[in-house]
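If you want the building blocks of each chain, they are given just below.
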Protein chains: 2
Amino acid sequence: MNKEISELRQDPVSGDWVIISTGRAKRPESFKSRHVAASETPINLCPFENPQEHGNTIIKTYGAGDHGWAVQAVKNKFPIVSGENCGFEKRIGPYAKNDAAGHHEVVIFKDHRKSLAQLKTADVGLITGVFKERYLELEKLPCVNYILIMLNHGREAGASISHPHAQIMALPFTPSDIRRSLEGSKKYQAERGRCVHCDILAWELKEKKRIVFENDYFAALVPYAPKFSYEVRIFPKKHSSYFEEVGGNELNNFAEALRVSLAKIYNGLNNPSYNFFIHTPPVERDHEYDYYHWHLEINPRLGVWGGFELGTGGDVIDVDPDEAAEFLRSIKI
Amino acid sequence: MNKEISELRQDPVSGDWVIISTGRAKRPESFKSRHVAASETPINLCPFENPQEHGNTIIKTYGAGDHGWAVQAVKNKFPIVSGENCGFEKRIGPYAKNDAAGHHEVVIFKDHRKSLAQLKTADVGLITGVFKERYLELEKLPCVNYILIMLNHGREAGASISHPHAQIMALPFTPSDIRRSLEGSKKYQAERGRCVHCDILAWELKEKKRIVFENDYFAALVPYAPKFSYEVRIFPKKHSSYFEEVGGNELNNFAEALRVSLAKIYNGLNNPSYNFFIHTPPVERDHEYDYYHWHLEINPRLGVWGGFELGTGGDVIDVDPDEAAEFLRSIKI
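Residues numbered from 1 in each chain as written. Chains lettered and ligands numbered in written order. Predicted model: local features only at pLDDT ≥ 70, side-chain atom pairs only at ≥ 80, totals over all residues.

Peer 1: Can you help me understand the overall build of chain A in this one?
Peer 2: Broken down by element type, chain A carries 6 helices and 14 strands. Here the C-alpha radius of gyration of chain A, 20 Å, is about what a compact globule of 333 residues would show, namely 20 Å. Principal-axis analysis of the C-alpha atoms places the extent of chain A at approximately 55 × 50 × 45 Å. Burial status across chain A gives 53% buried among its 333 residues. When contacts within chain A are restricted to residue pairs at least 6 apart in sequence, those whose partners lie at least 24 apart make up 71%. (Helix = DSSP H or I, 4+ residues; strand = E, 2+ residues; numbered from the N terminus. Rg over C-alpha atoms; globule rule 2.2 N^0.38 Å. Buried ≥ 20, exposed ≤ 12 C-beta atoms within 10 Å, placed from the backbone. Contact = placed C-beta atoms within 7 Å.)

Peer 1: Got a minute to help me understand the relation of the copies chain B and chain A in this structure?
Peer 2: Note: a rotation about an axis with an accompanying shift along it relates these two copies of the chain. When chain B is fitted to chain A, the best match, at an RMSD of 0.0 Å, comes from turning it 180° and sliding it 0.0 Å along the axis. These values place the two chain copies in the arrangement generated by a two-fold rotation axis. For chain B, the residue whose C-alpha comes nearest the rotation axis is Gly313(B), separated from it by 3.7 Å. Taken as a fraction of all interface residues of chain B, those also at the interface in chain A reach 100%, which identifies the copy contact as same-surface. (Least-squares fit on C-alpha atoms with pLDDT ≥ 70 in both.)

Peer 1: How do you make sense of the interface of chain B and chain A when you look at a structure like this?
Peer 2: A common measure of how large an interface is: the accessible area buried when the components associate. Listed as interface residues are 57 residues of chain B and, on the opposing side, 57 residues of chain A. Looking at the side of chain B that touches chain A, the elements that each hand over two or more residues are strand 1 (6-10), strand 2 (17-21), strand 6 (95-99), strand 8 (146-153), helix 2 (176-192), helix 3 (196-207), strand 13 (274-279) and helix 5 (307-312) of chain B. It is helix 5 of chain B that provides the largest number of residues to the side of chain B that touches chain A, a total of 6 residues. Pairing of strand 1 (residues 6-10) of chain A with strand 6 of chain B involves 4 bridges; the strand directions are antiparallel. Bridge pairing in strand 6 of chain B links Glu7(A) to Asp99(B). (Pairing = 2+ DSSP bridges.)

Peer 1: Help me understand the sheet that holds strand 2 (residues 17-21) of chain A, please; the structure alone is not making it clear to me.
Peer 2: Neighbouring strands of a sheet are bound in pairs by backbone hydrogen bonds; such pairs are parallel or else antiparallel. Across the sheet, 4 strands lie side by side as 2(A)-1(A)-6(B)-5(B); this open sheet has antiparallel pairing. Each having just a single partner strand, strand 2 of chain A together with strand 5 (90-92) of chain B make up the two edges of the open sheet. For this sheet the average axis-to-axis angle between neighbouring strands, irrespective of direction, equals 30°. Looking at chain direction, strand 5 of chain B and strand 6 of chain B are connected through 3 bridges and run antiparallel. Considered in strand 6 of chain B, the bridge of Ile92(B) is made with Tyr95(B). (Axes fitted to C-alpha atoms, helices over the stretch in contact; angles between N-to-C directions.)

Peer 1: So what exactly am I meant to see when it comes to unusual backbone geometry here?
Peer 2: You will see that Cys143(A), though not glycine, has its phi angle at about 75°, which is positive. Along the chain, Cys143(A) turns up in the loop between helix 1 (121-138) and strand 8 (146-153). The exposure class assigned to Cys143(A) is partly exposed, which follows from the 19 C-beta atoms found within 10 Å. Here the phi dihedral of Tyr230(B) falls at roughly 65°; this positive angle occurs in a residue that is not glycine.

Peer 1: Help me out: how do you make sense of the confidence of the model for chain A in this one?
Peer 2: Interpreting fine coordinate detail is not advised for predicted regions of low pLDDT. Taken over all residues, the pLDDT of chain A has a mean of 91, while the share at 70 or more is 93%. Overall fold confidence for the complex sits at a pTM of 0.94, while the interface term, ipTM, reaches 0.92. (pLDDT = per-residue confidence, 0-100.)

Peer 1: Mind showing me how you'd approach helix 3 (residues 196-207) of chain A here?
Peer 2: Residues lying three or four places apart along an α-helix face the same way, a consequence of the helix completing one turn every 3.6 residues. The terminal C-alpha atoms of helix 3 of chain A, which comprises 12 residues, lie 17 Å apart, in line with the 16 Å expected from a rise of 1.5 Å per residue. Positioned one or two residues after helix 3 of chain A, Lys208(A) has a phi angle of 70°, which is positive. (Expected span 1.5 Å × (residues − 1).)

Peer 1: Sorry, what's going on with the environment of Asn152(A) here?
Peer 2: Within the secondary structure, Asn152(A) sits in strand 8. On the neighbour-count criterion, Asn152(A) (26 C-beta atoms within 10 Å) is buried. Note: C-alpha distance between Asn152(A) and Tyr274(A) (122 residues apart in sequence) is 6.2 Å. Not counting residues up to four positions away in its chain, the partners in contact with Asn152(A) are Ala157(A), Gly158(A), Ala159(A), Asn275(A), Gly306(B) and Gly307(B).

Peer 1: What am I meant to see in the pairing of strand 4 (residues 71-75) of chain B here?
Peer 2: Residues and elements named next belong to chain B. A large share of strand 4 lies buried, amounting to 4 of its 5 residues. Sheet analysis places strand 3 (residues 58-62) next to strand 4, joined by 4 bridges and oriented antiparallel. For Thr-61, the partnering residue across the bridge sits in strand 4 and is Gln-72. Of the strand pairs in this sheet, strand 4 and strand 7 (residues 103-109) are connected by 5 bridges, and their pairing is antiparallel. Considered in strand 7, the bridge of Gln-72 is made with Ile-108.

Peer 1: In this structure, what is going on with the environment of Leu119(A)? I would like to understand it.
Peer 2: Residue and element names in this part refer to chain A. Structurally, Leu-119 can be placed in the loop between strand 7 (103-109) and helix 1. Classification of Leu-119 as buried rests on a count of 22 C-beta atoms within 10 Å. C-alpha of Leu-119 to C-alpha of Val-196: the two residues are 77 residues apart in sequence and 33 Å apart in space.

The structure is reproduced here in structure tokens:
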């Protein structure tokens, strides 16, 4: 049993304070089944089992595999943004509005029951390659300001269909979370002449305490001031601003780091619900965001957000990040 | 049936963009029971039924009533901040930390089954009076930077005990949500010489479309760019910066606006889970935040937050705010 911690930690990027309070900690062994299996969409009703038959418009099919396909990119039937009819901001009294233009795609993985944690690295590499390819296509389209690549796993993480899939949203604005990460990085760069994430990585790779996994190009770690208990972030070790510029070898290393991190979470925490996102700059062509350092964040959804969590934008962290990293390192996959 | 809306709206305070997408709207009549009753703590096991017997340290008892008390302020047995041992920020490599000092209190309402929505205005007035009294006591203590007054109602809103209660957290830092509201208000004031919330209120009270309820001193409205479907915000009509300075008459009007808003949500949306918070400036004595306009936000928790919602800090709004306000106005209480 490690020491109890009750302290505030500041996120060096956003400036937000996080409460670490392990006095009422949930130990890993206390996690019950996260209901992922229980909430599974029955295979005969699954709209992603045969996407085309269920009226999904296929954008592209990847990797033939044994069953005819391995990954399919389709249009989301219930898009939250759509169309290319973006105009100027309109003002109404004290308010501003615009059209909800953009593109909302779903990246469906073939196997109804195998989440990313259970796939081979090569299959995860195919999927991360699809993310990059769709990014490069979508960034050419009008009205697209930010391309959000994310995955919801499990009911508590907002997955309404259990069949494994990711979502790509080409949005006409930058989500506030990303905007703040960009602003914090820019400020740190202006004040110290260095990339905040490079400084964090250098510290973490030297200390080793919170590293969960590393390979040649990527490091997966539990943040010093996480927003979720057992949160894992995956960074390219070398300063690299834009996800869509990740090269072939790096992409395989990224897929490995992602698969290993998700498998450790799956095995160690009894298949919890989680979200992951890629944090990368808005779509641009002028190297405006070279100060940024792209990365992926995995947010396990182990608790319900009450008022305090909504107001601070994160869990009360009830597991010491050092202990969370040590635990995840120890998990066999 | 009103028109369908698919647009972006910008929050005039934070600058965050919100997606309003009513194409897949949930209509009020579609809400099922929100499980609040089903998740009720049995009365014989309820630690708030006889707080003292269950080992809660009573701070103060208010309003004798028929059953010996009406409201009790107690110390939270599982505080997320505690003690007065706050020091200087310590730096460790690229990070900053501090002690999680502060005070975490619970304000327990007498009746196990009656939430604020079901109380009389006078009883709600007693409770809001306790909020103010505790605020004035807590702000005198060392290490206290922000006093968060909030309530979680229902399981989906993070209430672990169903017995109606609010929480008061005297924190050594300002939650990020409040910090951004302060920053946005300060910027607007600097740029235009006016209070952003006063401008919003003047517009809304003239338009009337999104007003849910008003009395002499307070207005309850659905925001133009809400963060939650059926969100309601309650503002003092006259510019007023600090909750703790609310006077006697105003406090009764505030209690009425709060009770009426919660009763409309309770009756109209089938007792959903919700959180509410008071947004007021950090503890201060120098009128530093006179530009701010305190208010209360009620956030119904009708959906599960997936990755998109986490990244933007709000629901995809699936109910037209005009329609939400019209609906809540129509609800008899």
